[in-house]
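# Structural characterization, general
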Amino acid sequence: MMNSKCFIWLMLWQLLLLCLLLHCAEGKIGVNYGRVADNLPKPMEVSRLLQTLSIENVKIFDANRQVLHAFAYTGISVTICVPNEEIISLAVSAQAACTWIYNNVKQFVPATKITYIMVGNEILGGDPTIWSALVPAMWQLYTGLRYYNLENKIKISTPHSLAVLATSFPPSAGTFQPNIATSVMAPLLRFLKLTQSDFMLNAYPYLAYLGDGGKHIALEFALIEPNATKVVDPNTGLEYSCLLDLMIDATIYAMKALNYDDIPLIITETGWPSQGDPSEIGASIPNAAIYNNNLVKHVTTLGTPLRPGAEFDTYIFALFNEDLKPGPASERNWGLFYPNLTQVYAISLN
Ligand SMILES: *[C@@H]1O[C@H](CO)[C@@H](O)[C@H](O)[C@H]1NC(C)=O
Ligand SMILES: *[C@@H]1O[C@H](CO)[C@@H](O)[C@H](O)[C@H]1NC(C)=O
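Presented here is an overview of the structure given in this document. Not measured: the values here are computed from a predicted model.

Let's shift gears to the overall build of the protein. Each helix and strand in the protein was counted, giving 11 helices and 13 strands. The C-alpha radius of gyration computed for the protein amounts to 21 Å, which stays within 12% of the reference 20 Å derived for 350 residues, consistent with globular compactness. With respect to the principal axes defined by its C-alpha atoms, the protein has extents near 65 × 55 × 45 Å. By sequence separation, contacts in the protein at least 24 residues apart represent 70% of the contacts at least 6 residues apart. A total accessible area of about 16100 Å² is found for the protein, and carbon and sulfur atoms account for 58% of it.

Shown next as C-alpha cells:
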C-alpha cells in the first residue's frame, strides 16, 4: 500500500518530469565568444566558465584550433565560421570546400560537438562582390560534409543583419531588399529548406533604438520590459510586446513573401552595450542588465505573435568586452564579462 510520503514523492517526481519536458521545448541561450581583444582568458578557462554557467551553445567567429580543442568532451555545441575572404574560393572549388571541412570540422568531431557552420557574417549587408558566391559556397561545403557523412549532424547557414530587410514595419509588410531578394535570398532559402537548416538573424533592438534617437521607439519596448506599451500590426491585428519579436516576425514575413514560410529561425546575435559614447543613448549597465535578463526569460518561455510557441535559440553578444574592437565606445562594451572573468552586471543565464 502506498503511504502518503511515497505519494508526495511520486507527485514531486512527476512535476520534475513535466518541468524537464517543458524545458525541452524552449529556446536555448548561447553566447558569442568573440576574441578581438588582447587580454582574454585562455580558451580552456573560457570552456570551464561556460560549463560552470551551464551554457550549452557557443558561437565563434572563426575555426580556431585552440578554441575547438578547448570545447572537446564538454558537450557544448559550437558554431564555427568561414571567414568572408574565403567564400569566393570555396564557391568555385569542390576540392577547396572538402579540404576546408577536413581541416576545420572533420579533425575535431565528434570530440568537439560542432553543430553549425556559418558561411561568412552579415555578407549581404557588406561587400557586394561576394554575394553571388555565397550560396554556391554553401552548397560546396554541404557536399564536403556529405563526403564525411556529417550532413545530418552539422547545419550550414549564414547570419544576416536587419539591413537585409527593405521594410520591417509593420512586421506583416516585411520584405527583403530588392537587390538581393530573388538573386541571393531565394536561392539561400531554398538551400536552407533542402538541407533542413535554419535562418540566422542578428537582431539588435539597441541599434534600432539608437538610430531612432528616442523619437518613436520607447526604451521599455526595446528592453523587453513587461510594462512596455504594445504595438499592434494594423494588417494582422497581432500585438507586439517587444521590438525583438517585431524584428523576428518582420523577417519571417519577408521569407513568406518569397514563399518560404516554415524555415526555423535562430537569433545568432543580440545584446545591449553596458557603456557607450555620450551620443550613444541607452548604453548603460542598468539597461544592458535589464535587456539581457529579460531576453533570457523571453526566449526561454515564448514564441512570437506570428509563431507562438516556436523555439528561437538565441546567442547573446557577447561573452566578453573586447578591447581591440574599433569604432564607438559601445563596440568594446557588449560583454557579459570583463576579461578578468568578473560579471559586468548580475545575470541569470538559465
Ligand atoms: C516601466 O518600469 C520601469 C521599472 O521596471 C520604470 O523605470 C519605467 O518608468 C516604467 N515605464 C513605464 C512606461 O511605465
Ligand atoms: C575586473 O575588471 C573590472 C573592469 O576592469 C574591474 O572593475 C573589477 O574590479 C575587476 N575585478 C577583479 C576581481 O579584479
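Quick look at the pairing of strand S9 (residues 199–202) now. Burial along S9 is two-sided: the face carrying Phe199 and Leu201 and the face carrying Met200 and Asn202 are both buried. As paired strands, strand S6 (residues 159–160) and S9 are joined by two bridges and run parallel to one another. Opposite His160, over in S9, you have Leu201 as the bridge partner. Looking at chain direction, S9 and strand S12 (residues 265–270) are connected through four bridges and run parallel. Opposite Leu201, over in S12, you have Ile267 as the bridge partner.

With that settled, consider the site of ligand 2. Lining the immediate surroundings of ligand 2 are Tyr338, Asn340 and Thr342. The side chain of Asn340 places a nitrogen or oxygen atom 2.4 Å from an oxygen atom of ligand 2. One nitrogen or oxygen atom from the side chain of Thr342 is found 3.2 Å from a nitrogen atom belonging to ligand 2. For ligand 2, the protein covers 32% of the area, taking 360 Å² as the surface of the free molecule.

Ligand 1 sits among Glu220, Glu225 and Asn227. A distance of 2.8 Å is found between a nitrogen atom of ligand 1 and a side-chain nitrogen or oxygen belonging to Glu220. With respect to ligand 1, the side chain of Asn227 contributes an N or O atom lying 2.3 Å from an oxygen atom. Computed on the free molecule, ligand 1 has an accessible area of 370 Å², of which 32% lies beneath the protein chains in the complex.

So, about the side chain of Ser197. Take Ser197: it is sitting in the loop between helix H7 (178–194) and S9. By relative accessible area, which is 1% here, Ser197 ends up buried. The residues contacting Ser197, other than those within four sequence positions of it, are Lys155, Ile156, Ser157, Leu192, Ile263 and Pro264.

A separate point is the packing of aromatic side chains. One pair of aromatic rings is described through two measures. These are the centre distance and the angle between the planes. According to the stated counting rule, one finds 16 aromatic pairs in the structure shown. Taking 4.8 Å as the distance between ring centres and 85 degrees as the angle between the ring planes, the aromatic pair formed by Trp139 and Phe191 counts as edge-to-face. In this pair, Trp139 is assigned in helix H6 (residues 131–147) and Phe191 in helix H7, connecting sequence segments 52 residues apart. Consider the rings of Phe317 and Trp334, whose centres lie 6.1 Å apart with planes at 70 degrees: the pair is edge-to-face. One end of the pair, Phe317, is in the segment after strand S13 (314–316); the other, Trp334, is in the segment after S13, with 17 residues separating them in the sequence.

For H6, built from 17 residues, the straight-helix expectation of 24 Å at 1.5 Å per residue is met to within 8% by its first-to-last C-alpha distance of 26 Å. Next to the buried residues of H6 lie strand S3 (77–82), helix H4 (87–91), helix H5 (94–106), strand S4 (113–119), strand S5 (155–157) and H7. With its phi angle positive at about 55 degrees, Asn149 sits one or two positions after the end of H6.

Before going further, it helps to examine the pattern of salt bridges. Two side chains of opposite charge can pair, provided their charged atoms sit close to one another. A full pass over the atoms with the stated rule returns six salt bridges. Close ionic contact of Lys28 with Glu56 constitutes a salt bridge, the shortest N to O distance being 3.9 Å. Linking Lys28 in the loop between helix H1 (4–24) and strand S1 (29–32) with Glu56 in the loop between helix H2 (43–52) and strand S2 (57–59), this pair joins segments that are 28 residues apart in sequence. Assessed through its relative accessible area of 40%, Glu56 is described here as partly exposed.

In this section: the sheet that holds S5. Reading across from one edge, S5-S4-S3-S2-S1-S13-S12-S9-S6 is the order of the nine strands in this open sheet, with parallel pairing throughout. Both edges of this open sheet fall to S5 and S6, since each of them pairs with a single strand only. In the packing of helix H11 (residues 285–299) onto the sheet, contacts are made with S1, S12 and S13, and the angle to S13 comes to roughly 165 degrees.

What counts and how
- Residues numbered from 1 in each chain as written.
- Chains lettered and ligands numbered in written order.
- Predicted model: local features only at pLDDT ≥ 70, side-chain atom pairs only at ≥ 80, totals over all residues.
- Heavy atoms only, no water.
- Helix = DSSP H or I, 4+ residues; strand = E, 2+ residues; numbered from the N terminus.
- Rg over C-alpha atoms; globule rule 2.2 N^0.38 Å.
- Contact = heavy atoms within 4.5 Å.
- Areas by Shrake-Rupley, 256 points an atom, 1.4 Å probe, with all protein chains shown as cover.
- Buried < 20%, exposed > 50% of the residue type's maximum accessible area, 1.4 Å probe, protein only.
- Pairing = 2+ DSSP bridges.
- Near = heavy atom within 4 Å.
- Polar contact = N/O pair within 3.5 Å; in protein donor to acceptor, adjacent residues only side chain to side chain.
- Phe/Tyr/Trp six-rings, centres within 6.5 Å; stacked < 30°, edge-to-face > 60°.
- Expected span 1.5 Å × (residues − 1).
- Salt bridge = Lys/Arg side-chain N within 4 Å of Asp/Glu carboxyl O.
- Axes fitted to C-alpha atoms, helices over the stretch in contact; angles between N-to-C directions.

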